[in-house]
Amino acid sequence: MGTYFSNGTIWRGKASYAKTLRVDGGVIVEIDGARSTNDIEVDLQGGFLAPGFIDAHAHPLFAGREGQGPLLNGLQTVEEMVAAVREFADTHPEIEWIIGGAYEAAAVDRGDFLAQWLDDAVANRPVVLQAVDHHTIWVNSKALEVGGITATTKDPVGGTIARNSDGSPRGTLREPLAIDLIMRHAPIRTIENDVAAIAWACDQYLSCGVTSATDAWIEPGMAEAYIAAEKSGALTIDVSLFFLAQPDTWRARFDYFTELRQQIEALGDASKLRAQTVKIIGDGALSSGTAALLQPYLDDPDTSGLLIWSDEEILAAALAFDAKGYQLHMHAIGDAAVRQALDTIEKVIATNPKWDRRPVIAHAQLIDASDMHRFAALGVIANFQPLWTYLDPMNKELIAPRIGDERNNRQYQLATVVKSGTRISYGSDWPVTSQIPLLALGVPTHRQDPAGGQPWSPEEAIPVESSLVFYTENAAFQAFNEDRFGRIEVGMQADLVHLDTNPLKVEPISIPAIKVITTYKNGVAY
Ligand SMILES: [Zn+2]
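Reading the values: the criteria
- Residues numbered from 1 in each chain as written.
- Predicted model: local features only at pLDDT ≥ 70, side-chain atom pairs only at ≥ 80, totals over all residues.
- Heavy atoms only, no water.
- Salt bridge = Lys/Arg side-chain N within 4 Å of Asp/Glu carboxyl O.
- Helix = DSSP H or I, 4+ residues; strand = E, 2+ residues; numbered from the N terminus.
- Buried < 20%, exposed > 50% of the residue type's maximum accessible area, 1.4 Å probe, protein only.
- Right-handed = clockwise from strand over helix to strand, strands pointing away.
- Pairing = 2+ DSSP bridges.
- Donors = N, O, S within 2.8 Å, 3.2 Å for Na, K, Ca; no water.
- Expected span 1.5 Å × (residues − 1).
- Bend = angle between axes of the 7 residues up to and from the residue.
- Contact = heavy atoms within 4.5 Å.
- Phe/Tyr/Trp six-rings, centres within 6.5 Å; stacked < 30°, edge-to-face > 60°.
- Lys NZ or Arg CZ within 6 Å of the ring centre and 35° of its normal.
- Axes fitted to C-alpha atoms, helices over the stretch in contact; angles between N-to-C directions.
- Polar contact = N/O pair within 3.5 Å; in protein donor to acceptor, adjacent residues only side chain to side chain.

1. Details of the pattern of salt bridges
- Scanning the model with the defined rule gives 26 salt bridges in all.
- Residue Glu313 is joined to Arg251 by a salt bridge in which the shortest nitrogen-to-oxygen separation is 3.0 Å. On the criterion of sequence distance, the pair formed by Glu313 in helix H9 (residues 311-323) and Arg251 in helix H8 (residues 250-265) is long-range, its members being 62 residues apart.
- Close ionic contact of Arg374 with Glu346 constitutes a salt bridge, the shortest N to O distance being 3.5 Å. In this pair, Arg374 sits in helix H11 (residues 374-378) while Glu346 sits in helix H10 (residues 335-351), placing the two residues 28 residues apart along the sequence.
- In this structure Arg374 comes out as buried when scored by relative accessible area, which is 10%.
- Beyond isolated ion pairs, a larger network of salt bridges with shared partners links Arg339, Asp343, Glu346, Asp368, Asp371 and Arg374.

2. Some thoughts on the pairing of strand S16 (residues 273-281)
- Counted residue by residue, S16 has 9 buried out of 9 residues, so it is predominantly covered.
- In this fold, the crossover linking strand S15 (residues 238-245) to S16 by way of H8 has right-handed handedness.
- Pairing between S16 and strand S17 (residues 327-332): 5 bridges, direction parallel. The residue bridging Thr277 from the neighbouring strand is Gln327, located in S17.
- Chirality of the crossover, the property in question, places the unit of S16, H9 and S17 among those that are right-handed.

3. Comments concerning the coordination of the zinc ion
- For the zinc ion, the full set of protein donor atoms is His57 (NE2), His59 (NE2) and Asp429 (OD), at a range of 2.1 to 2.2 Å.
- One chain supplies every donor for the zinc ion, spaced along it as H-x1-H-x369-D. Of the two residues, His59 is situated in the loop between strand S8 (53-55) and helix H1 (60-67) and Asp429 in the loop between strand S20 (424-426) and helix H14 (437-440); the sequence distance between them amounts to 370 residues. For the residue pair His59 and Asp429, the accessibility class agrees, reading buried in each case.

4. A look at helix H12 (residues 393-408)
- With 16 residues, H12 extends just 12 Å between its outermost C-alpha atoms, more than 12% less than the 22 Å of an ideal straight helix rising 1.5 Å per residue.
- Of all bends in H12, the biggest is about 105 degrees, found at Ala400, and the proline Pro401 comes one to four residues later.

5. Regarding the environment of Met81
- Relative to the assigned elements, Met81 resides in helix H2 (residues 78-91).
- Through-space distance from the C-alpha of Met81 to that of Tyr520 is 35 Å; in sequence the pair is 439 residues apart.
- Once residues within four sequence positions are removed from consideration, Met81 is found in contact with Leu72, Leu75, Gln76, Tyr103, Glu104, Ala107, Phe113 and Trp138.

6. Let's talk about the packing of aromatic side chains
- Scanning the entire structure with this criterion turns up 20 aromatic pairs.
- Between Phe5 and Tyr520, the aromatic rings sit 5.0 Å apart at their centres with planes inclined by 90 degrees, giving edge-to-face as the arrangement. Taken together, the residues span a long stretch of sequence, with Phe5 in strand S1 (residues 3-6) and Tyr520 in strand S22 (residues 516-521) at a distance of 515 residues. Both residues of the pair, Phe5 and Tyr520, belong to the buried class.
- One aromatic cluster in this structure is built from Phe243, Trp250, Phe254, Tyr256, Phe257, Phe321 and Tyr326.
- Lying over the aromatic face of Phe477, Arg423 brings its terminal NZ or CZ to 3.5 Å of the ring centre.

7. Focus on the sheet that holds strand S4 (residues 21-24)
- Taken together, the 4 strands give an open sheet; going across it, the order is S5-S4-S1-S6, and neighbouring strands pair in mixed fashion. At either margin of the open sheet sits one strand with a lone partner, and together these are strand S5 (27-31) and strand S6 (40-43). Neighbouring strand axes in the sheet, compared pairwise and without regard to direction, differ in orientation by 25 degrees on average.
- Sheet topology note: the S1/S6 ladder contains 4 bridges and is parallel. Bridge pairing in S6 places Phe5 opposite Val42.

8. Structural notes on the side chain of Asp322
- As for its placement among the helices and strands, Asp322 is situated in helix H9.
- The exposure class assigned to Asp322 is buried, which follows from its relative accessible area of 3%.
- A polar contact is formed between the side chain of Asp322 and the side chain of Trp355, at a distance of 3.1 Å.
- If we skip the residues at most four places from it in the chain, Asp322 touches Val348, Asn352, Trp355 and Arg357.

Function-wise, these values are silent; they only describe arrangement.
This is the structure:
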């Protein structure tokens, strides 16, 4: 018994449409055929059926971990945040430590949040909240007490404790070693916690039309949780894992990652899990002055940011992983990091044997004009975050003063990248920004604040249909899954999303109002 879809716009992929679709056994079996007598009929009611969205750069396990605590994303005021923490604490009396995120640090002058504000909501259990930058925490007095942090506690190397004039801690701590003063006392996460986090993340994705994703930051313990999730059935969407290679650990973890990869391959073709990618982070972020630039920052002319790897070491890592059949997924935000990534890929191609390597540069916010043609020439996929392509307060208030308007306004040159012949894929970078594709889909076209306002560098706008391709077919290609999903073709998995309205027929600014009616994963309706 199959399922027969009709009476809507069926978008199969770029400029390709169908009138009807038959799905059977979780697979697309017929396009534009007739209904079989036993078929269940799905009336699309004039809506839009497309391949499920694919999130080609995201962090679902981190998002799921955040989802196990109070969710503060998008809240604008301290009152709203404290209320959310109080509500979570009241409904979860069994949880010893209340750990949540991600709060908007810009809601308070200089980002110093006070412990007392949280004490009003929760006094007897530690509360630890992550800021959206994932480099800052806001804690209550109980957490400061458990961490033993007082006026006499010294700042750890590379970290800071925000203090009152008498030296007492205010409730905000910055950078990993300061955060660890408190978090090393927190209950250890179990693999069961992480499997539950993965299941939650999958539910979030399916509810907004995403049927496949990536986890772009796999450290020890995380792949094990995904394997457990796959074995238990908790993993309900396809996920490709990216092992995180860092300058100080990649050699020691090389064999371990390869062993995990073999375990994942041993799960077989029917498994939803894949692992064939290594993530290499080339630089930081423009907002914090840590993205690596070819020309200095304006606010601090002595610095042009930070390349995380030396040229020699990044090449050594890239050569070693590439030789073992790993795809390179390189985080590069500033133009110097983009150039280092391109140089590295060029040398890998020239040195190692030829294979279908599909290297990726993620974010690619600032690309020097002289490097633009190199993406296509080297077969590099540019992975962009569509929701980032407008002049948001971070670009306007934090980044523009640091790098100047010329460079600021040259960010996210999607139209120029398309024109250069480069393949683009999309990722949300969830939980840094929302995982919901319909919030992002129209932004690279209108390049405006979703609330309205002036378009940002409108000459870099691209058509909505291109964005749809980058979110489906091209994202599948990035993960070597183009034979499994990403288009509507006979023999592919029935990973589909049914929208109430055709996003190609409305004003791009109004796309977020479109509703997901049903997401189909392997033909099963969610
Ligand atoms: Zn990321």
